Amino acid sequence: AVVSTQSTGTIGTNAISVIAPAENEDYFAMDMATSTVALGKLEVARRKGEPIPPGWGCDSEGNESLDPGAVLDGGGLLPLGGTEQSGGYKGYALASSVEVLCGILSGGNWGPHIRSWQNPDRSKQADLGQFFMALDPGVFGGGFTGRMQQFM
């Protein structure tokens, strides 16, 4: 879960993906979580007995922690940008926007209503919502793929 920089709530890591066509079958592709790091990196650090870098997570009291165990066992991942002082509130706002589209708009579970991936009780359905948006660049005018190629 991604922790808030200003409240006690948590939300999912809420991935965002954007694909845009360019010329000659080339394309722009972006796929990222709205947390500073993927949860799996903390699991690997815990198995190796290594600390995690600053800005990755916090303990159950909301204090930034370098201990992957403290983050995984009751703490949480920090949002993109890290702590509030380093702009994490922007990452949390971005994650919240995805939560609105994927959870609230879709009619699926959201925030604290989603079963934790680490919860061994699989009797509770995850009921994860999804949101997909497809845009036709041609509707906005011509030359998109050429401009996209130049951008890349």
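Here, the structure is the one placed above.
Residues numbered from 1 in each chain as written. Predicted model: local features only at pLDDT ≥ 70, side-chain atom pairs only at ≥ 80, totals over all residues. Heavy atoms only, no water.

Peer 1: I tried to follow the overall build of the protein on my own but got confused; where do I start?
Peer 2: In terms of regular secondary structure, the protein is built from four helices and seven strands. If you list the helices and strands of the protein from N to C, you get β-β-β-β-α-β-β-α-β-α-α. A burial count over the protein gives 30% of its 152 residues as buried. Sequence separation of 24 or more characterises 44% of the internal contacts of the protein that already satisfy a separation of 6 or more. (Helix = DSSP H or I, 4+ residues; strand = E, 2+ residues; numbered from the N terminus. Buried < 20%, exposed > 50% of the residue type's maximum accessible area, 1.4 Å probe, protein only. Contact = heavy atoms within 4.5 Å.)

Peer 1: Sorry, what's going on with the environment of Leu105 here?
Peer 2: Relative to the helices and strands, Leu105 resides in helix α3 (residues 88-105). In this structure, the C-alpha to C-alpha distance between Leu105 and Phe131, residues 26 residues apart in sequence, is 8.3 Å. Sequence-distant contacts of Leu105, that is, excluding residues within four places in its chain, are made with Val100 and Phe131.

Peer 1: Which parts of the structure should I look at to understand the packing of aromatic side chains?
Peer 2: The geometry of two aromatic rings is summed up by the distance between their centres and the angle between their planes. For the structure shown, the criterion picks out one aromatic pair. Their ring planes at 65° and their centres at 6.4 Å tell us that Phe28 and Phe151 sit as a pair that is edge-to-face. Placement of the pair is Phe28 in strand β4 (residues 27-32) and Phe151 in helix α4 (residues 144-151), with a sequence separation of 123 residues. Its relative accessible area of 28% is what places Phe28 among the partly exposed residues. (Phe/Tyr/Trp six-rings, centres within 6.5 Å; stacked < 30°, edge-to-face > 60°.)

Peer 1: Hey, could you run me through the side chain of Thr34 in this one?
Peer 2: As for its position among the elements, Thr34 is in the loop between β4 and α1 (39-48). Looking at Thr34, the relative accessible area reads 0%, which means it is buried. Those residues in contact with Thr34 that sit more than four places away from it in its chain are Gly12, Thr13, Asn14, Ile16, Pro79, Leu80, Gly91, Leu94 and Ala95.

Peer 1: Before we go on, may I ask you to explain the nonpolar core in this structure?
Peer 2: Most often, soluble globular proteins keep nonpolar side chains buried together rather than apart. Val37, Leu42, Ala45, Ile52, Trp56, Val71, Leu72 and Leu77 form the largest nonpolar core, which has eight residues in total. Breaking this core down by element, the ones donating at least two residues are α1 and α2 (68-72). (Core = buried A, V, L, I, M, F, W, Y, C linked by side-chain atoms within 4.5 Å.)

Peer 1: Would you take a moment to explain α3 for this structure?
Peer 2: Residues separated by three or four positions in an α-helix point in the same direction, a consequence of the helix having 3.6 residues per turn. For α3, spanning 18 residues, the distance from its first C-alpha to its last is 24 Å, which sits close to the expected 26 Å at 1.5 Å a residue. Residue Glu99 marks the point of greatest curvature in α3, where the axis turns by about 30°. Those residues of α3 not exposed but buried are Gly88, Gly91, Tyr92, Ala95, Val98, Glu99, Cys102 and Gly103. Once α3 ends, the next one or two residues include Gly107, with phi positive near 85°. (Expected span 1.5 Å × (residues − 1). Bend = angle between axes of the 7 residues up to and from the residue.)

Peer 1: What am I meant to see in the pairing of β4 here?
Peer 2: Consecutive side chains of a regular strand alternate in pointing toward one face of the sheet and then the other. Two strands pair when backbone bridges link them, and strand β3 (residues 16-21) and β4 are joined in this way by six bridges, in the antiparallel orientation. Across the sheet, the residue bridging to Ile19 is Ala29, located in β4. Following β3, the chain reverses through five residues before pairing antiparallel with β4; Asn24 in that reversal takes a positive phi of roughly 55°. (Pairing = 2+ DSSP bridges.)

Peer 1: Looking at this model, I keep getting lost on the pattern of salt bridges. Mind explaining?
Peer 2: One side chain can pair with another of opposite charge once the charged atoms of both are near each other. Going through the model one piece at a time under the given rule, you end up with one salt bridge. Put simply, Asp73 and Arg46 hold a salt bridge, and the shortest N to O gap is 2.9 Å. Residue Asp73 is located in the loop between α2 and β7 (76-77), and its partner Arg46 is located in helix α1; the two are separated by 27 residues in the primary sequence. Overall, the relative accessible area of 53% leaves Asp73 in the exposed class. (Salt bridge = Lys/Arg side-chain N within 4 Å of Asp/Glu carboxyl O.)

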